[in-house]
Amino acid sequence: MSKVYFTDMRTKPGRNLLDKLETLIKKAGIEQIDFKDKFTAIKIHFGEPGNLAYIRANYAAKLAKFLLAKQAKPFLTDSNTLYQGRRSNAIDHIESAFENGFNPVAVPCPVIIADGLKAIDYKEIPIDLKYCKTAKIGAAIAEADVIISMNHFKGHEQAGFGGVLKNLGMGSASRPGKLELHSSSKPIIETAECTSCGQCVKNCASDAIHLNADKKAEIDYEKCVGCGQCVAVCQFEAAQPVWDNSADIMNYKIAEYTVAVLKDKPNFHINFIMDVSPNCDCWNCNDTAIVPNIGIAASFDPVALDKACADMVTQAAANLNTVLNVHKHGELQDVDKFKMIHPNTDWKAGLKYAEEIGLGTVDYELVKV
Ligand code: SF4
Ligand code: SF4
């Protein structure tokens, strides 16, 4: 049974939430890690601009200061997105992070986009598991000495909820890795949507895409390496991934990628169960939180931590005026709200598989701090 440490949202003068975060991570044993001179990746989601549910930069600053005091070399990091948006290349991604408060004024460590300028700077880490033989992990995360995950715990339309595993497994993957997690095939072109703009042709590093006689993009699958770059640059939703994995298989692959991220590295995980929005922070909006803010939880065990947080959301009464519609369904205490919102997902199967491949255990002891 793993220990999951938890602190609630109550504060008093001289003991604010930032103080409580530091107390929590110390009680959970973070100081057992030798940080001296270690490149320490703080894996976080900076939030798509317009979304306001992501973790506040103040918490990242507190953690960075703590790590600097331990003589670590911390950096905030995330990998670029698969789809087109304001985090799909390193320049836009850093600008978005700064805009959302993760800037040098607020946080005393650099922002490094893990998979580089165009999301194809990755290390292939052998894992030899059922769905993925290797994992394509953003280079800065793959090369880090220590991994600390700061995870906004909330709903997710494909995974059920997003916690440690989603942030690390999907969030650390380079674009080709994300394509592998979402799909087992290379992208396709929806020719009806193609405007012949040629952006995909210019940006394909493998020279695998051209405009055909009808002036529509066409992929040469002999040359295509499945990097997903055409998907990211296409402004017209013409270059598309083939979303052919079931939600369960995606969760299994996310667990396998998490194995790759944490392989042979000291690691520690913190979930912020606040602003528990129904969907991912990749959206440029956040719908009303489904439950009141619950607190912060930390553990060395990513599986136990996610399970404990999912249980806390299950046990909580639902907020008024949310997608859950308490006027119709009642307070929904002890109801799996993530399953209600995303009925085609099964987070329990994902955690069970994570346990089977040795990432941790769903059995936990909750220690209140
Ligand atoms: S970027 Fe999109 S719209 Fe432009 S040519 Fe390529 S597929 Fe067509
Ligand atoms: S996925 Fe294939 S066609 Fe698209 S940019 Fe990458 S290599 Fe080129």
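If you're wondering where the values come from, they're calculated on a predicted model, not measured in any experiment. (Residues numbered from 1 in each chain as written. Chains lettered and ligands numbered in written order. Predicted model: local features only at pLDDT ≥ 70, side-chain atom pairs only at ≥ 80, totals over all residues. Heavy atoms only, no water.)

1. Some points on the overall build of the protein
Part 1 of the argument: A tally of regular secondary structure across the protein gives 13 helices and 16 strands.
Part 2 of the argument: In summary, the protein has a C-alpha radius of gyration of 20 Å against a globular reference of 21 Å for 369 residues, a match within 12%.
Part 3 of the argument: In terms of its C-alpha atoms, the protein occupies a principal-axis envelope of roughly 70 × 55 × 40 Å.
Part 4 of the argument: For the protein, buried positions account for 58% of its 369 residues.
Part 5 of the argument: Contacts in the protein between residues far apart in sequence, at least 24 positions, make up 75% of those at least 6 positions apart.
Part 6 of the argument: With the model as given, the accessible surface of the protein reaches about 15500 Å², and the carbon-plus-sulfur share is 51%.
Part 7 of the argument: Once the 41 positive and 45 negative side-chain charges of the protein are each reduced to a mean point, those two points are 5 Å apart. (Helix = DSSP H or I, 4+ residues; strand = E, 2+ residues; numbered from the N terminus. Rg over C-alpha atoms; globule rule 2.2 N^0.38 Å. Buried < 20%, exposed > 50% of the residue type's maximum accessible area, 1.4 Å probe, protein only. Contact = heavy atoms within 4.5 Å. Areas by Shrake-Rupley, 256 points an atom, 1.4 Å probe, with all protein chains shown as cover. Lys, Arg positive; Asp, Glu negative; His and termini not counted. Charge placed at Lys NZ, Arg CZ, Asp CG, Glu CD.)

2. With respect to the pattern of salt bridges
Part 1 of the argument: In total, this model carries 16 salt bridges according to the counting rule given.
Part 2 of the argument: For Arg 87, the salt bridge is made with Glu 48, and the minimal N-O distance between the two is 2.7 Å. Of this pair, Arg 87 sits in the loop between β3 (73–78) and α3 (90–99) while Glu 48 sits in the loop between β2 (39–43) and α2 (57–69), and the two are 39 residues apart along the sequence. Accessibility classification places Arg 87 together with Glu 48 in one group, the buried group.
Part 3 of the argument: Ionic pairing is found between Lys 136 and Glu 180, a salt bridge with its closest N-O pair at 3.6 Å. Of this pair, Lys 136 sits in strand β6 (residues 134–138) while Glu 180 sits in helix α6 (residues 175–182), and the two are 44 residues apart along the sequence. (Salt bridge = Lys/Arg side-chain N within 4 Å of Asp/Glu carboxyl O.)

3. Side note on the nonpolar core
Part 1 of the argument: Core analysis: the largest hydrophobic core is formed by 61 residues, its most contacted members being Ile 137, Ile 273 and Val 313.
Part 2 of the argument: No other element matches the nine residues that helix α9 (residues 247–262) contributes to this core.
Part 3 of the argument: Not counting the four nearest positions on each side in its chain, Ile 137 is found in contact with Tyr 122, Lys 123, Ile 125, Ala 142, Ser 172, Ala 173, Ser 174, Tyr 257, Ala 260 and Val 261.
Part 4 of the argument: In terms of nonpolar packing, the next biggest core, distinct from the first, is built from 40 residues, Leu 24, Ala 60, Leu 76 and Ala 298 among them. (Core = buried A, V, L, I, M, F, W, Y, C linked by side-chain atoms within 4.5 Å.)

4. So, the sheet that holds strand β4 (residues 111–113)
Part 1 of the argument: The strand order β4-β3-β2-β7-β14-β15-β1-β16 describes an open sheet built from eight strands, whose pairing is mixed. Edge positions in the open sheet fall to β4 and β16 (364–368), since each of these has one partner strand only. Between one strand axis and the next, the sheet turns through 25 degrees on average, direction left out of account.
Part 2 of the argument: Examined bridge by bridge, β2 and strand β7 (residues 146–152) share four bridges and lie parallel to one another. From the neighbouring strand, Thr 40 faces β7, where its bridge partner is Val 146.
Part 3 of the argument: On the sheet, helix α1 (residues 17–27) packs against β1 (2–7), β14 (267–273) and β15 (295–299) and is oriented at approximately 20 degrees with respect to β15. (Pairing = 2+ DSSP bridges. Axes fitted to C-alpha atoms, helices over the stretch in contact; angles between N-to-C directions.)

5. Re the domain arrangement of the protein
Part 1 of the argument: As far as domains go, the protein holds domain 1 (2–181 + 245–368) and domain 2 (186–240).
Part 2 of the argument: Computed over C-alpha atoms, the centres of domain 1 and domain 2 are 32 Å apart.
Part 3 of the argument: Every contact between the two is made by nine residues of domain 1 and, on the other side, ten residues of domain 2.
Part 4 of the argument: Between domain 1 and domain 2 the total buried area reaches about 800 Å² when both faces are included, carbon and sulfur atoms providing 57% of it.
Part 5 of the argument: Sorting the residues of domain 1 by area buried against domain 2 places Gln 84, Arg 175 and Leu 179 first, and these three jointly supply 55% of that buried surface.
Part 6 of the argument: Taken together, domain 1 and domain 2 are joined by one residue pair in polar contact (both at pLDDT 80 or more).
Part 7 of the argument: In the side of domain 1 that touches domain 2, the residues fall into five nonpolar, two polar and two charged. (Domains from an automatic or database assignment. Buried area = accessible area lost by both parts, 1.4 Å probe. Polar contact = N/O pair within 3.5 Å; in protein donor to acceptor, adjacent residues only side chain to side chain. Nonpolar A, V, L, I, M, F, W, Y, C, P; charged D, E, K, R; others polar.)

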